[in-house]
Amino acid sequence: MLPQDRAEKILTLGQAGWSVRAIADQLGHSPQTIRDYLNGRTTPGLRAPRPSLLTDPLADYCRQRLAEDPHLRPSTLFNEVTELGFQGSRATFYRELSRRLPSLSSHGPSRPQEDLPQDLPGMSHPSVHTHQHAPVLPRPVAPITGEALTSYLTRLAHANHLTLTEVLAVLPSWFSTKINNRDDRAQHHMLIPATAKALHALAHLATTTSASLARALPAFGAVDTHSPVRATTACHRCTARRGVHQPVPVHLPAHQKICTRHGIWLSDADQPHLDLAACPEIITAQRRANRLLRHCTPQQLMSAHLVVAKMIPPWPSSPAGVPFHWRHRLLILQTANHRLGIATDHDAYIDAAKYPDAIALAATMLTPSHPHGIEQDSLAKPSRSPRQRQL
Ligand SMILES: [Zn+2]
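Residues numbered from 1 in each chain as written. Predicted model: local features only at pLDDT ≥ 70, side-chain atom pairs only at ≥ 80, totals over all residues. Heavy atoms only, no water.

**Examining the overall build of the chain**
Item 1. For the chain, the helix and strand inventory stands at 16 helices and five strands.
Item 2. Every one of the 391 residues in the chain was classed for burial, and the buried ones make up 43%.
Item 3. Contacts spanning at least 24 positions in sequence make up 65% of the contacts within the chain whose residues lie at least 6 apart.
Item 4. Carbon together with sulfur atoms contributes 56% to the accessible area of the chain, which is approximately 20,800 Å² in total. (Helix = DSSP H or I, 4+ residues; strand = E, 2+ residues; numbered from the N terminus. Buried < 20%, exposed > 50% of the residue type's maximum accessible area, 1.4 Å probe, protein only. Contact = heavy atoms within 4.5 Å. Areas by Shrake-Rupley, 256 points an atom, 1.4 Å probe, with all protein chains shown as cover.)

**Concerning the environment of V167**
Item 1. Relative to the elements of secondary structure, V167 occurs in helix α8 (residues 164-169).
Item 2. Each C-alpha atom, one on V167 and one on L156, is 8.2 Å from the other, the two residues being eleven residues apart in sequence.

**Things to note about the coordination of the zinc ion**
Item 1. Those protein atoms acting as donors to the zinc ion are C235 (SG), C238 (SG), C259 (SG) and H262 (ND1), and they sit at 2.1 to 2.3 Å.
Item 2. One can describe the donor arrangement at the zinc ion as tetrahedral, given that its four donor atoms subtend angles of 102 to 114° at the metal.
Item 3. Sequence spacing of the donor residues for the zinc ion, all on one chain, is C-x2-C-x20-C-x2-H. With respect to class, C259 is no different from H262; both count as buried. (Donors = N, O, S within 2.8 Å, 3.2 Å for Na, K, Ca; no water. Tetrahedral: all angles 85-135°; square planar, octahedral: opposite > 155°, others 65-115°.)

**Section: the packing of aromatic side chains**
Item 1. Tallying each qualifying case throughout the model produces eight aromatic pairs.
Item 2. Look at F78 and F93: their rings are 5.7 Å apart centre to centre, the planes differ by 50°, and that puts the pair in the tilted class. Taken as a pair, F78 in helix α5 (residues 74-83) and F93 in helix α6 (residues 90-100) lie far apart in primary sequence, 15 residues in all. Each member of the pair, F78 together with F93, is buried.
Item 3. Ring geometry for W265 and Y355: centres 5.3 Å apart, planes at 75°, overall edge-to-face. Taken together, the residues W265 in strand β4 (residues 264-265) and Y355 in helix α16 (residues 347-366) connect sequence positions 90 residues apart.
Item 4. Overall, Y355 belongs to the buried group, its relative accessible area being 1%.
Item 5. Grouped by ring-pair contacts, the aromatic residues F78, F86, F93 and Y94 constitute a single cluster. (Phe/Tyr/Trp six-rings, centres within 6.5 Å; stacked < 30°, edge-to-face > 60°.)

**As for the sheet that holds β4**
Item 1. Read from one edge to the other, the open sheet built from three strands follows the order β3-β4-β5, with strand pairing classed as antiparallel. This sheet does not close on itself; its edge strands, each paired only once, are β3 (258-259) and β5 (274-275).
Item 2. Both β3 and β4 contribute to a ladder of two bridges, which runs antiparallel. Pairing of I258 across the sheet is with W265, part of β4. (Pairing = 2+ DSSP bridges.)

**Looking at helix α7 (residues 149-159)**
Item 1. Looking at α7, one finds that the buried residues are L149, S151, Y152, L153, R155, L156 and A157.
Item 2. Close packing links the buried residues of α7 with α8, α9 (173-180), α10 (195-205), α11 (210-216) and β2 (249-253).
Item 3. Just downstream of α7, H161 is the residue with a positive phi angle, here 55°.

**So, the confidence of the model for the chain**
Item 1. Chain-level statistics for the chain give a pLDDT mean of 83 and a share of 85% at 70 or above.
Item 2. Here residues 107-130 is modelled with pLDDT under 50, and outside its nearest four sequence neighbours on either side it reaches 43 contacts, counting other chains as well.
Item 3. Taken as a whole, residues 372-391 scores under 50 in pLDDT and shows 34 contacts with residues more than four places along the chain or in a different chain. (pLDDT = per-residue confidence, 0-100.)

**Re the pattern of salt bridges**
Item 1. Going through the model one piece at a time under the given rule, you end up with twelve salt bridges.
Item 2. Note that R41 and D36 form a salt bridge whose closest N and O atoms lie 3.1 Å from each other.
Item 3. The class of R41 is exposed, set by a relative accessible area of 56%.
Item 4. D36 sits in the buried class, given a relative accessible area of 18%.
Item 5. R65 is the salt-bridge partner of E80, the closest N and O atoms lying 2.8 Å from each other. One end of the pair, E80, is in helix α5; the other, R65, is in helix α4 (residues 56-68), and 15 residues separate them in sequence.
Item 6. By relative accessible area, which is 1% here, R65 ends up buried.
Item 7. Overlapping salt bridges bring together R65, E68, E80 and K257 as one network. (Salt bridge = Lys/Arg side-chain N within 4 Å of Asp/Glu carboxyl O.)

**A few points about the layout of surface pockets**
Item 1. By volume, the largest pocket is sized at about 790 Å³.
Item 2. Lining the largest pocket are 33 residues, and of these Q64, E68, K257, D268 and D351 sit closest to its centre.
Item 3. Taken together, the elements giving at least two residues each to the lining of the largest pocket come down to α4, β1 (229-233), α14 (298-309) and α16.
Item 4. The element best represented in the lining of the largest pocket is α16, accounting for seven residues.
Item 5. The residue inventory of the lining of the largest pocket, partitioned by class, reads 15 nonpolar, six polar and twelve charged.
Item 6. Counting only domains with at least three residues in the lining of the largest pocket, you end up with domain 2 (56-104) and domain 4 (249-388). (1 Å grid on protein atoms, 1.4 Å probe; cavity = no way out; pocket = protein on both sides within 12 Å on 5 of 7 lines; lining within 4 Å. Points joined across faces, edges and corners; volume = space filled by probe spheres on them. Nonpolar A, V, L, I, M, F, W, Y, C, P; charged D, E, K, R; others polar. Domains from an automatic or database assignment.)

Structural data, given as structure tokens:
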């Protein structure tokens, strides 16, 4: 940047009718510098903004992650984008995220107390409940994988003709604190010491094992917390097999879009699930995506998915191409699901219809050196570790 008086001199000479070349010769700067000031691309006294470290693909990634997991903690998102190649500090990330996604600033990255439970009464006191005196509920309830703690406790209460409050009253205060928190996956340091005791108390009350509760419920922090997850509801056919007929809110691995056993598209939390039976290639694509994860991280897969989804042609190039185009699949999906009483105007239809094309393209993108796609080489060791690959 030039000194302000020098920059103003350029403007004065320009207004006086001097040519770019004449000003450049007179002041000893390049013609391009002179042009930048005369055209207003550079303003005297203002430093040109530094390019954002949060690139468009990374910003898209953040937008997608916050849409599919509304309670996603900014610190978790920071770790994910760092793995994808973001090179700024945590503070830079929060600042650029607020600038790129301004709608977040009210509830997102700027809150320094993000992980604090809302209240911690009694957390420092030893629990008064011991196994010898704690009640046991007559009807056991099995947890659903990824289920929110509130959902599990409510189902447990209702199965035993109790209210949630009545169940909480016989459990350690850890549970009340945990479900008052916005996101029961957050492992606050003041709650962690009491987690094992809480887990055993619930297992005892519900006549189940601590291991199965810890495996299924993210609230206990035993599930892998490094892989990104998204908020959805459990596959209704999976839950129906276990006698559960109401929607069960769960957090699933973020790349897992489909229950491959039942061929159900698990839409984001506010959209209906779709039956994929009429389009088996979508179910096959989920299996292909799972295989891709042998060679890349979930973050890399999701980021690649976002990039390639924009590259998929919106319309077939010719009438002959119609049967192979995703719009054809979209129509089949809409028709089949409309018969099941599901409205046809949800984004989930487009996401599902594009999914096989997107995964095929993502496979190519994630293994640019391999012409046949990553999974055909599944026996070979990856040449680089996933963390070294940058998108
Ligand atoms: Zn299922």
